[in-house]
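These are the residues of each chain, in order.
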Amino acid sequence: MNKINVGIFFGGCSPEYSVSLSSASGVILNLDQEKYNPVLIGISQKGEWYHYAGPVEGLLSDTWLTSSHCTPAVLSPNRGENCLILLGQEGVSRIPLDIAFPVLHGGNGEDGTLQGLLELSGIPIAGCGTLASALGMDKDRAHRLVGLEGVRVPMHLVLEPDTPMEAMESFAEKIGYPLFVKPVKAGSSYGVTKVACKEHLASAVALAFKYDNQALLEENIPGFEVGCAVLGNRELITGEVDEIELSGGFFDFTEKYTLKTSAIHVPARIAPAKAEEIKEKAKCIYRALGCTGFTRVDMFLTPEGEVVFNEINTIPGFTEHSRYPGMMKAAGYSFQEVLSRIIDLGLQRA
Ligand SMILES: Nc1ncnc2c1ncn2[C@@H]1O[C@H](COP(=O)(O)OP(=O)(O)O)[C@@H](O)[C@H]1O
Ligand SMILES: [Mg+2]
């Protein structure tokens, strides 16, 4: 049987470059090597593309780029070529790609830009296409569409660089403190601040604008955050719902990747009927945003038992300890099987 060539994209021109290296390592190490042949495509923080033929350790130690295993490479938008073009010193060569699996987080990879190039080139995508990826990245537009489905979303105000301070302060008075300030398009909690009082508003807004040209002023939702792993194109399956237990503050970058004072419970410590409701809401959100392949849907569960949408992650963390594989594992699907299904779904869609 011929193996399927899976182009695995890692790195990327985004603050979440290092997170992508960990996720891509998780994907490579758990891919069914009998069925798939990983073709590694590394994107540097400057946005340069390389074919990487070295060991996975090069990703874990972030030394892949300095190694002799890298050859500059590009993807042609020409339909039907379906290959990675290597620009080696001895000349041009090609590696056919049966499917592309972007394992990039944040801008320039998770946001529809790479997906657009892949769609032009006709290479099937493992995961969401251009539209869902772009919507998933944009917290304002995602909220508006999900709200139309009758799912509660936090109240928010979109801030432009020239939004007057008085407008921010009067909206803040309306929703009350604490509140959240965050970039419209970012991830891994970069640029997110929980603001306790009016005096800290301006600095939080300035931080959010470091990551995007729009920011959100958002109502604080009490309770805790829950996640749901969704997989499928038309027929959807879900993992077990998980729960983030915080010991204060919010799920910031350090907590996400060290879990120093927080914990993740899978399954969530909630009534089975509530878990079912969350799974159904997650599927509804997935469909509303046009997701395909896989996505992690994040919501809050309030003390009154209300489910409130937070965001979707069209390329969630994919390390051995990440939430998406963890939720699927709790539902009986191994990491390897999840990856095989994701690739199959991408091929089916094409
Ligand atoms: N409206 C909110 N109410 C309560 N907590 C929030 C709210 N928005 C964000 N948070 C907290 O901040 C974290 C990061 O915010 P999020 O919107 O998920 O951004 P990111 O895309 O960076 O993960 C969340 O995991 C949660 O802990
Ligand atoms: Mg989040």
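None of these values were measured; they are calculated from a predicted model.

Rules used in this analysis
- Residues numbered from 1 in each chain as written.
- Chains lettered and ligands numbered in written order.
- Predicted model: local features only at pLDDT ≥ 70, side-chain atom pairs only at ≥ 80, totals over all residues.
- Near = placed C-beta within 6 Å.
- Helix = DSSP H or I, 4+ residues; strand = E, 2+ residues; numbered from the N terminus.
- Nonpolar A, V, L, I, M, F, W, Y, C, P; charged D, E, K, R; others polar.
- Domains from an automatic or database assignment.
- Buried ≥ 20, exposed ≤ 12 C-beta atoms within 10 Å, placed from the backbone.
- Contact = placed C-beta atoms within 7 Å.
- Pairing = 2+ DSSP bridges.
- Axes fitted to C-alpha atoms, helices over the stretch in contact; angles between N-to-C directions.
- Core = buried A, V, L, I, M, F, W, Y, C linked by C-beta atoms within 7 Å.
- Parallel < 35°, antiparallel > 145°, perpendicular 65-115°, else oblique.

**Q** What is the right way to look at the site of ligand 1 in this model?
**A** Neighbouring ligand 1 are 18 residues; Phe180, Ser189, Ile221, Phe250 and Phe251 lie closest to it. At the level of elements, strand E9 (179–183), strand E11 (215–219) and strand E17 (307–313) are the ones that each hand at least two residues to the shell around ligand 1. In the shell around ligand 1, the residues fall into seven nonpolar, five polar and six charged. Of the residues that make up the shell around ligand 1, three or more belong to each of domain 2 (136–152 + 221–349) and domain 3 (156–219).

**Q** Please clarify how unusual backbone geometry should be interpreted in this entry.
**A** Both trends apply: most residues other than glycine have a negative phi, and most peptide bonds are in trans. Cis geometry marks the peptide bond from Tyr177 to Pro178, where omega comes out at -5°. Within the secondary structure, Pro178 is located in the loop between helix H6 (165–175) and E9. Between Val266 and the following residue, Pro267, the backbone shows a cis peptide bond with an omega angle of -10°. Notably, Ser188 is not glycine yet its phi reads approximately 55°, a positive angle. Take Ser188: there are 20 C-beta atoms within 10 Å of it, and that puts it in the buried class. The backbone of Leu259 sits at a positive phi, close to 50°, despite the residue not being glycine. Within the fold, Leu259 resides in the loop between helix H8 (253–258) and strand E15 (263–265).

**Q** Sorry, what's going on with the domain arrangement of the protein here?
**A** Accessible area lost during the coming together of the parts is what is often quoted as the interface size. Under the domain assignment used here, the protein contains domain 1 (4–125), domain 2 (136–152 + 221–349) and domain 3 (156–219). Distance between the C-alpha centres of domain 1 and domain 2: 25 Å. The interface of domain 1 with domain 2 comprises 23 residues on the first partner and 16 residues on the second. Looking at the side of domain 1 that touches domain 2, the elements that each hand over two or more residues are strand E1 (4–11), helix H1 (17–30) and strand E7 (99–102).

**Q** Looking at this model, I keep getting lost on the sheet that holds E7. Mind explaining?
**A** Sheet strands pair via backbone hydrogen bonds, and the direction of the pair is either parallel or antiparallel. One open sheet holds the seven strands; their spatial order is E6-E5-E4-E3-E2-E1-E7, and the pairing between them is mixed. Two strands bound the open sheet, and with one partner strand each, they are strand E6 (91–96) and E7. With strand direction ignored, the average angle separating the axes of adjacent strands in the sheet is 35°. Of the strands in this sheet, E1, strand E2 (36–43) and E7 touch H1, which is tilted by about 155° from E1.

**Q** Just checking my understanding: could you explain the pairing of strand E16 (residues 293–301) for this structure?
**A** Regular strands show a simple pattern: their side chains alternate between the two faces of the sheet. Within E16, eight of the nine residues are buried, which leaves the element mostly enclosed by the surrounding structure. When strand E12 (residues 224–232) meets E16, the two strands line up antiparallel, connected through nine bridges. Among the inter-strand pairings, Ala229 is bridged to a residue of E16, identified as Arg296. By the bridge criterion, six bridges tie E16 to E17 in an arrangement that is antiparallel. Counted as the bridge partner of Asp298 is Glu311 from E17. The hairpin formed by E16 and E17 contains five residues between the paired strands, and Gly305 there has a positive phi angle of roughly 85°.

**Q** Please clarify how the sheet that holds strand E10 (residues 193–195) should be interpreted in this entry.
**A** Strand order in this open sheet of four strands is E8-E11-E9-E10, and the pairing throughout is antiparallel. Every interior strand has two partners, whereas the edge strands, strand E8 (156–159) and E10, have only one. Strand-to-strand twist in this sheet, taken as the mean axis angle between neighbours without regard to direction, amounts to 25°. Looking at chain direction, E9 and E10 are connected through three bridges and run antiparallel. If you follow Leu179 over to E10, its bridge partner there is Val195. Against the sheet, helix H7 (residues 201–208) touches E8, E9, E10 and E11, its axis set at about 25° to E9.

**Q** Sorry if this is basic, but what is going on with the nonpolar core here?
**A** Across soluble globular proteins, nonpolar side chains show a tendency to be buried alongside one another. By size, the foremost hydrophobic cluster in this structure holds 74 residues, and its most contacted members are Ile8, Phe9, Phe10, Val27, Ala100, Phe101 and Val103. In terms of residue count, helix H11 (residues 335–349) provides more of this core than any other element does, six residues in total. Lining this core are residues from two domains, each supplying at least three of them: domain 1 (4–125) and domain 2 (136–152 + 221–349). Leave out the neighbours within four places in its chain, and Val103 touches Ile8, Phe9, Phe10, Ser20, Ser23, Ala24, Val27, Ile315 and Phe318. One finds Leu179, Phe180, Leu201 and Ala208 within the second-largest nonpolar core, a separate group that totals 17 residues.

**Q** Sorry, what's going on with the packing of H6 against H7 here?
**A** Each pair of packed helices can be described by the angle between their axes along with the distance between the axes. It is at 11 Å that the axes of H6 and H7 come closest, and there the two elements cross at 110°. Between H6 and H7, the crossing angle belongs to the class labelled roughly perpendicular. The residues of H7 that touch H6, namely those facing Met165, Met168, Glu169 and Ala172, are Leu201, Ala202 and Val205.

**Q** Help me understand the environment of Ser121 in this model?
**A** Considering the arrangement of structural elements, one finds Ser121 in helix H3 (residues 113–121). With 18 C-beta atoms packed within 10 Å, Ser121 lands in the partly exposed category. Separated by 42 residues in sequence, Ser121 and Arg79 place their C-alpha atoms 4.5 Å apart. If we skip the residues at most four places from it in the chain, Ser121 touches Leu75, Ser76, Pro77, Asn78, Arg79 and Glu81.

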